[in-house]
Amino acid sequence: MSRSLLYRLFAFLSLAGALLSTPPCHATAAPGLLAEYFDFIDTPLTDFPDLSGLVPDAVLVEPRVWHPSTSGAWDGLEAARFTDRFAARYSGFLDVPADGTYTFALSSDDGSRLWIDGVLAVDHGGAHSFSRRAAQVWLAAGAHDILLLYFENGGAAGLELSWSGPGFGEEAVPASSLSHDPSGGPARPSAKMLMRTGAGFARAGLPSPLECAAWDGDAPAAAVSYLIDGAPLDA
């Protein structure tokens, strides 16, 4: 098989995998994360409740996840329902400014968990007082799926999401880096996706990275082009 055909084969396989797993950058994204709150006032919570199939009791759009520890209700929530025994789900997109290693921290009372691109990044689960847990994640520049779960049993409640990364110290993940899909529909990869080669590429002796134009908003692009280290595949 010629080298050109090898390029095409690996490019096709990588594009197919990327469309299934590459984090989205939705063309119609709106500022803030979608925040869904669930009332469990009659049910003691010692771990994350199963939220599948449940209709949220309150839905907000929050510019950032920053709720300092308090014995009262958080802003925008009804005190009678969301002071104790409730759960929350935050979802949307995280815009990463540059390739690099980022430290994500969850400070919470009680439990919290953070997923990025479907992978558990920080696990601060269990019933506990307000405390912090952090983990490092390497991320490429661009938009990434983000999901954050939280539950509160009793007493004080708090949840803060912070990060640090290339060129900046720890801070609350800012509103400028968080967005969501207001339609609630499935997100699609943006018109250009950057994929770093994996072990399969290294074994095949192929250069990296592979860059492709695949989607334009929600519609497939009129044409797909492949570039290896910035040069057209057929060059």
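Residues numbered from 1 in each chain as written. Predicted model: local features only at pLDDT ≥ 70, side-chain atom pairs only at ≥ 80, totals over all residues. Heavy atoms only, no water.

Colleague: Tell me what's going on with the nonpolar core, and back it up with residues and numbers.
Modeller: Soluble, globular proteins show a tendency: their nonpolar side chains are buried together. Formed by 31 residues in total, the largest nonpolar core has its most connected members in Tyr 37, Trp 74, Tyr 90, Leu 94, Phe 104 and Leu 114. Elements with a minimum of two residues in this core: strand E2 (33–39), strand E5 (86–96), strand E6 (100–109), strand E7 (112–116), strand E8 (119–124), strand E9 (131–139), strand E10 (142–152) and strand E11 (157–165). A total of 5 residues in this core trace back to one element, the largest contributor, which is E5. Ignoring anything within four residues of it in the chain, the contact list for Tyr 90 reads Leu 33, Leu 34, Ala 35, Tyr 37, Glu 62, Val 65, His 67, Trp 74, Ile 146, Leu 147, Leu 148 and Leu 159. Listed in part, the 8 residues of the second largest apolar core include Phe 38, Ala 87, Leu 149 and Phe 151. (Core = buried A, V, L, I, M, F, W, Y, C linked by side-chain atoms within 4.5 Å. Buried < 20%, exposed > 50% of the residue type's maximum accessible area, 1.4 Å probe, protein only. Helix = DSSP H or I, 4+ residues; strand = E, 2+ residues; numbered from the N terminus. Contact = heavy atoms within 4.5 Å.)

Colleague: Please provide a residue-by-residue account of the packing of aromatic side chains, values included.
Modeller: With the rule as written, the count across this model stands at 13 aromatic pairs. Ring centres of Tyr 37 and Phe 86 lie 6.4 Å apart, and the angle between their planes is 50°; this geometry places the pair in the tilted category. Highlighted residues: Tyr 37 in strand E2 and Phe 86 in strand E5, separated in sequence by 49 residues. The class of Phe 86 is buried, set by a relative accessible area of 0%. Between the aromatic rings of Phe 86 and Tyr 150, the centroid separation amounts to 5.9 Å while the plane-to-plane angle is 55°, which identifies the pairing as tilted. With Phe 86 in strand E5 and Tyr 150 in strand E10, this residue pair connects regions lying 64 residues apart in the sequence. Per residue, the accessibility class of Phe 86 equals that of Tyr 150, and both read buried. (Phe/Tyr/Trp six-rings, centres within 6.5 Å; stacked < 30°, edge-to-face > 60°.)

Colleague: Please provide a residue-by-residue account of the pattern of salt bridges, values included.
Modeller: Side-chain pairs of opposite charge can arise where the charged atoms are in close proximity. Under the counting rule described, the total for this entry stands at 5 salt bridges. Among the ionic pairs, Arg 81 bridges to Asp 39, the shortest N-O distance being 3.1 Å. Residue Arg 81 is found in the loop between strand E4 (66–70) and E5, and its partner Asp 39 is found in strand E2; the two are separated by 42 residues along the sequence. The partly exposed category is assigned to Asp 39, whose relative accessible area is 21%. For the salt bridge of Arg 81 with Asp 57, the shortest nitrogen-to-oxygen distance reads 3.1 Å. Of this pair, Arg 81 sits in the loop between E4 and E5 while Asp 57 sits in the loop between E2 and strand E3 (58–62); the two residues are 24 residues apart in sequence, bridging distant segments of the chain. Judged by relative accessible area, which is 35%, Asp 57 ranks as partly exposed. A single network of salt bridges, built from pairs that share partners, joins Asp 39, Asp 57 and Arg 81. (Salt bridge = Lys/Arg side-chain N within 4 Å of Asp/Glu carboxyl O.)

Colleague: With reference to specific residues and values, describe the side chain of Ser 112.
Modeller: With respect to the helices, strands and loops of the structure, Ser 112 is situated in strand E7. In terms of polar contacts, Ser 112 uses its side chain to reach the side chain of Ser 108, at 2.8 Å. Among all residues touching Ser 112, those that are not within four sequence positions of it are Phe 48, Leu 106, Val 122, Asp 123, His 124, Gly 125, Leu 148, Leu 149, Tyr 150 and Leu 159. (Polar contact = N/O pair within 3.5 Å; in protein donor to acceptor, adjacent residues only side chain to side chain.)

Colleague: How would you sum up the confidence of the model for the protein? Please name residues and give values.
Modeller: When pLDDT is averaged along the protein, the result is 77, and 66% of the positions lie at 70 or above. Ignoring residues within four places in sequence, the model shows residues 9–26, a span with pLDDT below 50, making 47 contacts including any to other chains. Low pLDDT, under 50, characterises residues 185–230; the predicted model gives this stretch 100 contacts beyond four residues in sequence or across chains. (pLDDT = per-residue confidence, 0-100.)

Colleague: For the environment of Gly 158, give the residues involved together with the corresponding values.
Modeller: Among the structural elements, Gly 158 can be located in strand E11. A sequence separation of 91 residues divides Gly 158 from His 67, and the C-alpha atoms of the two residues are 5.3 Å apart. With near-sequence residues (within four places) excluded, Gly 158 lies in contact with His 67, Pro 68, Ser 69, Trp 74, Ser 107, Ser 108, Asp 109, Phe 130 and Tyr 150.

Colleague: Please set out unusual backbone geometry residue by residue, giving values where relevant.
Modeller: Asp 109 connects to Asp 110 through a cis peptide bond whose omega is 10°. Here Asp 110 is to be found in the loop between E6 and E7. At Arg 85, a position not held by glycine, the phi torsion is positive, near 55°. In this fold, Arg 85 is placed in the loop between E4 and E5. Backbone geometry places Asp 117, a non-glycine residue, at a positive phi of 55°. Among the structural elements, Asp 117 can be located in the loop between E7 and E8.

Colleague: Describe in detail the side chain of His 67, supporting the description with residues and values.
Modeller: Following the sequence through the fold, His 67 ends up in strand E4. Overall, the relative accessible area of 10% leaves His 67 in the buried class. Look past the residues within four positions of His 67 in its chain and what remains in contact with it is Tyr 37, Glu 62, Trp 74, Tyr 90, Gly 158, Leu 159 and Glu 160.

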